[in-house]
Amino acid sequence: MADITANAGRVVPASGNTRVAHRAAADEPIWVRRSLIGLVFVFLGVFLVVPLAIVLSSALSQGWALYARAVTDPDTWSAIVLTLWVVAITVPLNTLFGIAAAWAIARFDFRGRSVLTSLIDLPFSVSPVVVGLAYVLVFGRGGWLGPWLGAHDIQIIFAMPGMVLVTMFVTVPFVARELIPVLAERGQEEEEGALSLGASGWQTFFRVTLPAVKWGLLYGVVLTTARALGEYGAVAVVSGRVPGENETLTLRVDMLYENYQATAAFAVASLLAVIALITLVLKTYLGDRKDNACPLSAGAPDS
């Protein structure tokens with residue numbers, strides 16, 4: 001068997017280190033294992049669970065009536081609709097790109113393959129605020145394309161198109177990064193067999209390749225959706241932040257808090273918290289299915 005190296009997008013022969021590491025961990029004294037596990041749970045509880053619980057409790061601190069008014073406010077609903085529109089555009093486009101990029105990296109050897117892999121990872125290392133500023137420099141009124149866009153009455157910055165573009169940038173790696181190791185591990189034998197039996201390229205993709213990678217694809221889509229819903233930094237730079245017009249949910253929370261409407265801010269934030277919990281459940285479920293369908297892509301020990 002083989003372990004998948006995601007960074008390189010290729011299959012590397014297993015060295016047996018994974019199995020040795022599992023045996024070494026099992027040989028540790030019980031107090032060491034319990035202490036490490038307890039430390040992890042305490043850390044997660046203090047830095048993840050407790051803040052989330054505070055958000056939910058603060059949202060309801062002044063009763064259901066105020067909570068309902070906050071989440072049904074017209075500006076809040078406008079922010080919800082705009083956020084959903086951004087997600088509805090961003091996720092399908094990045095899904096198509098992720099499939100194409102993963103296919104190219106896992107199936108073909110070409111000059112610049114490692115550069116393409118590195119570029120896909122670029123959003124992980126660039127601050128979203130920097131991304132927003134870069135798009136302003138390109139598409140803003142005084143940017144490189146600003147005069148041409150203005151002459152043709154095309155609004156990118158301080159409008160939904162700019163919000164979609166920066167959200168696509170920050171979410172571009174997730175689908176590709178989930179599919180590359182899955183495609184590399186499965187190989188091309190099934191696809192070559194389908195082609196040899198007379199199937200077309202599209203028939204092979206939809207009937208052979210896609211069913212084989214569906215759990216990894218869904219996992220990447222869930223991560224992309226969650227990241228798009230929660231994006232703040234890049235969107236804050238390129239949006240006009242006008243309530244009811246170009247304000248997403250994350251910007252709405254920030255605006256309410258800055259205007260000393262803390263309870264309303266927590267109420268709106270609780271919507272994002274609930275979405276995060278749903279995403280966590282889906283992520284766990286799809287991750288298990290993906291690992292069962294392709295155990296090596298999860299770094300499972302050789303058998």
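Residues numbered from 1 in each chain as written. Predicted model: local features only at pLDDT ≥ 70, side-chain atom pairs only at ≥ 80, totals over all residues. Heavy atoms only, no water.

Counting its secondary structure elements, the protein contains 15 helices and two strands. The buried share among the 303 residues of the protein stands at 39%. Of the contacts made within the protein by residues no fewer than 6 positions apart, 72% connect residues no fewer than 24 positions apart. When the accessible surface of the protein is totalled, it reaches about 17100 Å², and 67% of it is carbon and sulfur. (Helix = DSSP H or I, 4+ residues; strand = E, 2+ residues; numbered from the N terminus. Buried < 20%, exposed > 50% of the residue type's maximum accessible area, 1.4 Å probe, protein only. Contact = heavy atoms within 4.5 Å. Areas by Shrake-Rupley, 256 points an atom, 1.4 Å probe, with all protein chains shown as cover.)

According to the stated counting rule, one finds six salt bridges in the structure shown. The residue arginine 241 makes a salt bridge to aspartate 254 at a minimum N-O spacing of 2.6 Å. Here the residue arginine 241 occupies a position in the loop between α13 (233–238) and α14 (249–258), and aspartate 254 occupies one in helix α14, the gap between them amounting to 13 residues. The partner of glutamate 247 in a salt bridge is arginine 252, and the shortest N-O contact between them spans 3.7 Å. Accessibility assignment for this pair places glutamate 247 and arginine 252 in one class, buried. Sharing partners across several salt bridges, the network here consists of Asp73, Glu247 and Arg252. (Salt bridge = Lys/Arg side-chain N within 4 Å of Asp/Glu carboxyl O.)

Here we come to the confidence of the model for the protein. Overall, the predicted model of the protein reaches an average pLDDT of 84, with 87% of residues at or above 70. For the protein, per-element mean pLDDT is lowest for strand β1 (residues 2–5), which scores 40, and highest for helix α9 (residues 160–171), which scores 95. Long-range and interchain partners of residues 1–15, a stretch whose pLDDT sits below 50, account for 36 contacts in this model, where long-range means more than four residues apart. Confidence drops under a pLDDT of 50 for residues 296–303, and excluding neighbours within four residues, the segment shows 20 contacts in the predicted structure. (pLDDT = per-residue confidence, 0-100.)

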